[in-house]
Structures are given as C-alpha cells and as structure tokens.
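Secondary and tertiary structure notes
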Amino acid sequence: MPRLNDQIRYWMLVLPALAIMVIFYILPVLGIWEISFTEPATGFGNYVKMTESNAVKTSFILTFRVAAITTVGCLLLGYIVAYAISNFVSRLTPLMMALVLLPFWVSVLIRSFSWIILLGRSGLVNDTLRDIGLVTSPLRLMHNELGVLIAMIHVMLPFAVLPMLANMRGISRSYTDAARGLGASEWTAFRSVYFPQTLPGVFSGALLVFVLSLGFFVTPALLGGGRVLMISEYITYQIQEFLAWGLGSALSVALLVATALVLLIAARFVNLKSALLERN
Amino acid sequence: MSNPILSIRNSVKRYGPVHALDHVDLDVAEGEFLTLLGPSGSGKTTLLTAIAGFTDLSEGSVSLRGRDITNEPPEHRDFGMVFQGYALFPTMTVRQNVGFPLKIRKRPASEIRARVDECLELVQMGAYADRMPSQLSGGQQQRIALARALSFKPQVLLLDEPLSALDKKLRADLQWELKALHDQLGVTFIYVTHDQDEALSMSDRIVILKDGKIQQSGIPDTLYNKPRTRFVADFLGKSNFLSVKVKSREGDHLECVAGEAAFPVDATGHSGTVGNSAEIALRPERIRLTEPGKEFLTGTVKQVSYLGERCQVLLTHSVLGQILVSCPTWKSGINPNPGLQLGFGWDADACVILEAE
Ligand SMILES: Nc1ncnc2c1ncn2[C@@H]1O[C@H](COP(=O)(O)OP(=O)(O)O)[C@@H](O)[C@H]1O
Ligand SMILES: [Mg+2]
C-alpha cells in the first residue's frame, strides 16, 4: 500500500494528461454518440438507415478488405526486413534501421503525394515502363484499390516492422544453433524453432497495422481519388458534402465498435498488453 | 593415441587480429571424458563450436574417425550439444524438446515416445514431460538439455559450461551425475569449463587452454602435481612461486637457494643446470608447519583463515616473501595466531620446476 503522499504525487503526475484526454477526446466522442441518436430526429433512425444502405455495406467490406490485404502485405515484407536486420551482422544494419524509422519523420501527406507522383498516368513508374517498352498505354496504378494498397502498405510498414524487430532481437541465436546441432537443416530450424518464437511479434504487428488501417483517411483519400471510399472518407463525405451529421456520427460509432470488436477477438489469442506495449 | 574418434589438426581461428584458436592439435579417444579448461576468452567455446561445426576454421581440419568433416554443416555431424544457456526451445514442451532430434530423423511416433521417456528417466525428469521449459528451474532445464542432446544417441556429446549458471551445491551434485552418466553410456564427452574443481573431479583428461593455445594436457593428477608452466600451476589450484638458484645437483636431486634459505628440489625430467636460476611451484598443502627450529625454514604468521575442513595460513619469510600454507584443521596440532613464529618445510618432490612461458 503506497503512502498517501505517494498517491497524491501519482495523481498530480497523471492528472494533466488525463484531463486533456477527457476534455479533448472522451467528451467529443461521447458527443458523437449523442449526435448519432439525436440528429436529425431522436431515435435509432441513423442506425436503421445505415444498415439498410448498400453504399455503407460496400464501404465497410472495402475497408476490411483493404485493411486485411495491407496487413498481410506489411507482415510479409516486414518479416523479411526485421529478420534481416536482427539476424545478419552487417554494416548496412544501421542504414536499414534508419530506412525503417525514416517514414515516421516524414508526414503521411507527403509520403502519399509522393506515391501520386510515382503512380500517376505519366508518373515515374508508367514513364519508365513505356520507355523500356513493356507497356504501350499507361497502366492504371492509382485512383483504384491497387494504388491505395501500394501506398497503404508503404505507410504502415514501420508499424509491422517495429514490433517484429523488438521480438526478434530478443531471440538468441543459440536456439537455431541448437536445432542445427541436433540435426535440423537450416530451413527446419527456422520453421520449427525460430518462427514459432516470432509469432508474438507477428501478432502485435498485425494487430497494429489492421487497427490503424481500419480508420485510415489520408492515404486512401489521396490515392483513391474518390473512387475507393473507405469508411473514414465515407464519413467525411456525409458530414462535409451532405451535412448529414447524424448518419456520419452513427458511422463513426460503428467504426469504433468494429475496431473494439477486432481488439476483443484478438485479445483471445494475443496478450494485448504486451502486444501493444511492444514488450514481447 | 591409437584410433582417436576425433582429431583436430593445426586449427586456427582468427577474428580480425585476435587468434581465438592458435594452431591447436588435439586427439580425442573413443569414450573418454575430455575437459577443455581455461579462463574466459581462452578459446574454449571456439574450439567446441569448431568441432560442432558452428565455427568455420580459418586453417586446419577436424576429422571424425579418420573422415575429414571440416566442411560439413553441424546437422550432418551427429554430435549432441548442450549449450551454455541450455537453449531449450521455449515454444515446445519438455517432451517435444527431447523428441526434437528424433522427429527430425523421421523416427516413428511410438519409438520417439519410448525413447523420450527413457531419456527423461535417465536424467530423473520423468515427471516433467508435459511442462514448458519456462516452468523449470535452472537445474531441471540443464537436465532436459542433457536428455535432448542424448536422445538420438550421438557419437560425441559436447557440453559448453553446462553447470556454470547453477548454485554451488547443485553444481556439485550434477558433477557426480554427469560423471555417472558418462560411465554408464560410454559416449565420448567433450566438456568445456572455466571451473578447475569441475575439471579435476570429472575428467579422464584435461586440456588447458590460454589465448587459443594448448598449454598442457594430461590426466588430472599429472596436471595438478606436475604443472609445466606457471600459468597451469596457478590456474589449477593454488601455488606458491619461488625464484631460486640451483646450487648443486646430484642425479635428479637439486639443492636450491634463495638468499640464505636452502632446500631440496626433485628435478626428475628437468635439466636444472648448476648456477642457473629457476622458478619453482609449491602447493600450499605440501608444506609442513612445526614449532620453530624443527624444519629448515622459519617464518612469521601474518594471517589465518579458517575454512572448516582446512585452515589457510599466510606466512612471511625474510627472503621468500609470502608463503601460503594449507593444513587440515584436524591435525594441524599447532594453533597459529598472527605474529607467531613457525618452522616450515617440505619434501623434495613437493617442488616442481617450471618452464619459462
Ligand atoms: N564471433 C566472434 N567475433 C569476434 N571475436 C570473437 C568471436 N567469438 C569469440 N571471439 C574472441 O575469441 C576469443 C575466444 O573466445 P571464446 O572461444 O568464446 O572463449 P571462451 O569460451 O574460452 O571464453 C575471445 O578473445 C573472444 O573475444
Ligand atoms: Mg565460452
């Protein structure tokens, strides 16, 4: 039992952050919940409208699909990067680390615009492909789901790499050595001894990327060019274009609940506390 | 050695400017308990992992029963290995860990089950088959690592400081068990340690390493009683070192002097020319303590430490400096106190003439 003095000190340290959270986050979110039940009329009207709308259904399915593919893509690419950084001693290791962390210091907006420059009709990729004669007319690489996915995977990659890296750095080389000493080939040692130990890192990376992707706005909005309406952009449309505050709020609530459900389901398989704090 | 199971020839391992192994030659006899002993950084692990196949030699070769295996990957060598931190696979149960080498070798499930049980019985861990490694104590993990390394009946078992993480009492118990296991199975053991007691108590033969070179090898008794260099005499047990001059020689019998002190030294196998200086090692427990005048030297007690079964006395002598004496408490007879004058002496064969390093 901490002394009273300690408790007072604890609360004094926590209170400012807590106050900011409550005033600028929790209260507005509660406000959204309220609006969803009161605008334009009191009742469940917005929710009924939402469940009956085909557009909403399509957008939700699209959102989950994009989030899922992004997650798989990030895991595949991220696993290789994390594995290389943590298992090979090389002078390139600090450089690779920097390349993983660099995106954190460059705004998402700028990174997404860069993809537009790369993927556009006369962007770098299409120009190059045409110059070397691989295509005659430009490929459609953006303003569609493909473009959104390419950019999303790029933006989300560090969130997959970092937890896996933290996990892999903690795995001693002696396990794979031991497996090989006991007769396992390099591949068997990886598959049956190393890989299972990296699963906690893979799960936390997956969870982080998936949850962040569900509510992501900037990249899908820019690369989708209004043709790939993920749920956040759909909400913005409702509120900005149609001033449908009630429906927009109801959709926000739905997204929040969906995200909470994902975390709840994940909690059955992963230790969320360690997964989200990246302590494996 | 006729028909060694393992031969290491002229092996060198360089890490940049460091020679982790410096022209090491070693033969291992079938079924022997061989210990690689040396201080930290002396190259023990490097030699062991070179045998296991994890370390590529810069020069030299390793052969198994005459077949060159220098370039074979570890998984083809069929040696069991117990790693320093045990390296039990944390995602597998004890049973899966011990059965792992057999599963790799595609043995039928029923055979694996039986063999795992057998191995767990061997290390007295039968009741723990379904635990996870993290649920075991250090000593228990050590036993499982041993069972796992033995499960596929390897020709050679390699152990890298397997007991170093355990407390003293447990370590002593496991030393007996390991030795018993070796005698029971007849498998060749190559055992790495920096602990001289472990080396002396278990080994058929000890190889002492320093800076990647073999200093001396032999049976424990020889190494302890006839160390060749100051390093070996100092590393294996405690020694007093005396700088002396050879005064006269009669056969193998030398008369040595240090200042006014004169004493006999047995020089069997050494050249010890009259007039030359030499360094000799003298074990503390070979020195006799008496009342003053009854031995050929006299010193003053500086410090006494009581160790239960033994008592260590630090004497100062006007010429020889400090001399450490270790005598069994039960028969010391005299009760040494700091400041007391005591006579001390030893038999000629208690002294060993050291080679210059
Ligand atoms: N992977 C490595 N890279 C560089 N130097 C190493 C490496 N492994 C060992 N060494 C060096 O080789 C020497 C012997 O090391 P090691 O065989 O581990 O000694 P021991 O097991 O006797 O403590 C040490 O000086 C150590 O620093
Ligand atoms: Mg070592």
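Residues numbered from 1 in each chain as written. Chains lettered and ligands numbered in written order. Predicted model: local features only at pLDDT ≥ 70, side-chain atom pairs only at ≥ 80, totals over all residues. Heavy atoms only, no water.

1. So, the overall build of chain A
The secondary structure content of chain A amounts to 13 helices and zero strands. In chain A, the succession of helices and strands from N to C terminus is α-α-α-α-α-α-α-α-α-α-α-α-α. For chain A, the residues scored as buried account for 40% of the 280 residues in total. Long-range pairs, those at least 24 residues apart, make up 73% of the contacts in chain A with a sequence separation of at least 6. (Helix = DSSP H or I, 4+ residues; strand = E, 2+ residues; numbered from the N terminus. Buried < 20%, exposed > 50% of the residue type's maximum accessible area, 1.4 Å probe, protein only. Contact = heavy atoms within 4.5 Å.)

2. Re the interface of chain B and chain A
At the interface, 19 residues of chain B touch 17 residues of chain A. Each partner contributes to the roughly 1,500 Å² buried at the junction of chain B and chain A, and carbon and sulfur atoms together form 71% of this total. One can count one salt bridge joining chain B with chain A. At the boundary of chain B and chain A, one finds two residue pairs in polar contact (both at pLDDT 80 or more). Elements with a contribution of two residues or more to the side of chain B that touches chain A: α2 (94–104) and α4 (138–150) of chain B. No other element matches the three residues that α2 of chain B contributes to the side of chain B that touches chain A. (Buried area = accessible area lost by both parts, 1.4 Å probe. Salt bridge = Lys/Arg side-chain N within 4 Å of Asp/Glu carboxyl O. Polar contact = N/O pair within 3.5 Å; in protein donor to acceptor, adjacent residues only side chain to side chain.)

3. Focus on the domain arrangement of chain A
It is common to report an interface's size as the accessible area lost on association of the parts. All names here are of chain A. Taken domain by domain, chain A holds domain 1 (1–38) and domain 2 (53–277). Taken together, the contacts link five residues of domain 1 with eight residues of domain 2. Regarding the contact of domain 1 and domain 2, the summed buried area is about 520 Å², with carbon and sulfur atoms giving 84% of it. The interface formed by domain 1 and domain 2 includes zero residue pairs in polar contact (both at pLDDT 80 or more). (Domains from an automatic or database assignment.)

4. Some thoughts on the confidence of the model for chain B
All names here are of chain B. In the predicted model, chain B carries a mean pLDDT of 90, and 98% of its residues have values of at least 70. Across chain B, the element-wise mean pLDDT spans from 82 in strand β13 (residues 261–266) up to 97 in strand β3 (residues 33–37). Confidence estimates for the predicted assembly give a pTM of 0.81 and an ipTM of 0.79. (pLDDT = per-residue confidence, 0-100.)

5. A look at helix α7 (residues 145–169) of chain A
Note that an α-helix has 3.6 residues per turn; residues three or four places apart therefore point the same way. When the terminal C-alpha atoms of α7 of chain A are compared, their 35 Å separation across 25 residues agrees well with the 36 Å that a helix rising 1.5 Å per residue should span. A maximum bend of about 45° is found in α7 of chain A at M156 of chain A, where proline P158 of chain A lies one to four positions downstream. (Expected span 1.5 Å × (residues − 1). Bend = angle between axes of the 7 residues up to and from the residue.)

6. A closer look at the sheet that holds strand β9 (residues 205–210) of chain B
Residue and element names in this part refer to chain B. What the six strands build is an open sheet, ordered β6-β7-β8-β3-β9-β10; its pairing is mixed. The two strands at the open ends of the sheet, each matched to only one other strand, are β6 (79–82) and β10 (213–218). With direction set aside, neighbouring strand axes in the sheet form an average angle of 15°. With five bridges joining them, strand β7 (residues 156–160) and strand β8 (residues 188–193) adopt parallel strand pairing. Each bridged residue has a counterpart across the sheet, and for L157 the counterpart in β8 is F189. Across the face of the sheet, helix α1 (residues 44–52) comes into contact with β3, β6, β7, β8 and β9 while running at roughly 150° to β7. Contacts from helix α5 (residues 168–185) reach β3, β7 and β8, with the element oriented near 160° to β8. (Pairing = 2+ DSSP bridges. Axes fitted to C-alpha atoms, helices over the stretch in contact; angles between N-to-C directions.)

7. Brief notes about the domain arrangement of chain B
Residue and element names in this part refer to chain B. On domain assignment, one finds that chain B holds domain 1 (6–234) and domain 2 (238–354). Here the C-alpha centre of domain 2 lies 39 Å away from the C-alpha centre of domain 1. In this assembly, ten residues from domain 1 lie in contact with ten residues from domain 2. Here domain 1 packs against domain 2, burying approximately 900 Å² in sum over the two surfaces, 45% of which is carbon and sulfur. The largest per-residue losses of area from domain 1 upon contact with domain 2 belong to Y224, R230 and A233, which jointly make up 55% of the total buried on that side. Joining domain 1 to domain 2, the criterion identifies one salt bridge. For R230, the salt bridge is made with E279, and the minimal N-O distance between the two is 2.6 Å. At the junction of domain 1 with domain 2, the criterion picks out five residue pairs in polar contact (both at pLDDT 80 or more). Listed by contribution, the elements that provide at least two residues to the side of domain 1 that touches domain 2 are α7 (220–225) and α8 (230–235). Tallied by class, residues from the side of domain 1 that touches domain 2 come to four nonpolar, two polar and four charged. (Nonpolar A, V, L, I, M, F, W, Y, C, P; charged D, E, K, R; others polar.)

8. As for the packing of helix α2 (residues 45–52) of chain A against helix α12 (residues 245–267) of chain A
Residue and element names in this part refer to chain A. Contact geometry of α2 with α12 gives a least axis separation of 9 Å together with a crossing angle of 70°. Here α12 runs roughly perpendicular to α2, going by the angle between their axes. On α12, the residues touching N46, Y47 and M50 of α2 are G246, L247, A250, L251, V253 and A254. Looking at the contact of α2 with α12 residue by residue, the class counts come to seven nonpolar, two polar and no charged. (Parallel < 35°, antiparallel > 145°, perpendicular 65-115°, else oblique.)

9. Describing the pattern of salt bridges
Residues and elements named next belong to chain B. Considering all chains together, one arrives at 29 salt bridges over all chains under this definition. In this structure, the salt-bridge partner of K169 is D173, at a minimum N-O distance of 3.6 Å. One end of the pair is K169 and the other is D173, both in helix α5 and four residues apart, which spans about a single turn. Under the relative-accessibility criterion, K169 is labelled exposed at 60%. For D173, a relative accessible area of 34% translates into the label partly exposed. Among the salt bridges present, the one from E355 reaches R228, with a minimum N-O distance of 3.7 Å. Residue E355 is located in the segment after β20 (351–354), and its partner R228 is located in the loop between α7 and α8; the two are separated by 127 residues in the primary sequence. Overlapping salt bridges, with partners in common, bring together R9, D25 and D27 in one network.

10. Quick notes on the nonpolar core
L6 and I190 of chain B are the most contacted members of the largest nonpolar core, which totals 109 residues. A per-element tally of this core places α7 of chain A first, with 13 residues. Among the nonpolar cores identified, the runner-up in size contains 30 residues, and L242, C256, V325 and L342 of chain B belong to it. (Core = buried A, V, L, I, M, F, W, Y, C linked by side-chain atoms within 4.5 Å.)

11. Details of the environment of A260 of chain A
All names here are of chain A. Summarising the element assignment, A260 is placed in helix α12. For A260, a relative accessible area of 40% puts it in the partly exposed group. Distance in space between the C-alpha atoms of A260 and Y10 is 29 Å, their sequence separation being 250 residues.

12. As for the confidence of the model for chain A
Looking at chain A as a whole, its pLDDT mean stands at 90, while 96% of the residues score no less than 70. Of all the helices and strands in chain A, helix α13 (residues 272–276) of chain A carries the lowest mean pLDDT, 64, while helix α3 (residues 54–87) of chain A carries the highest, 95.

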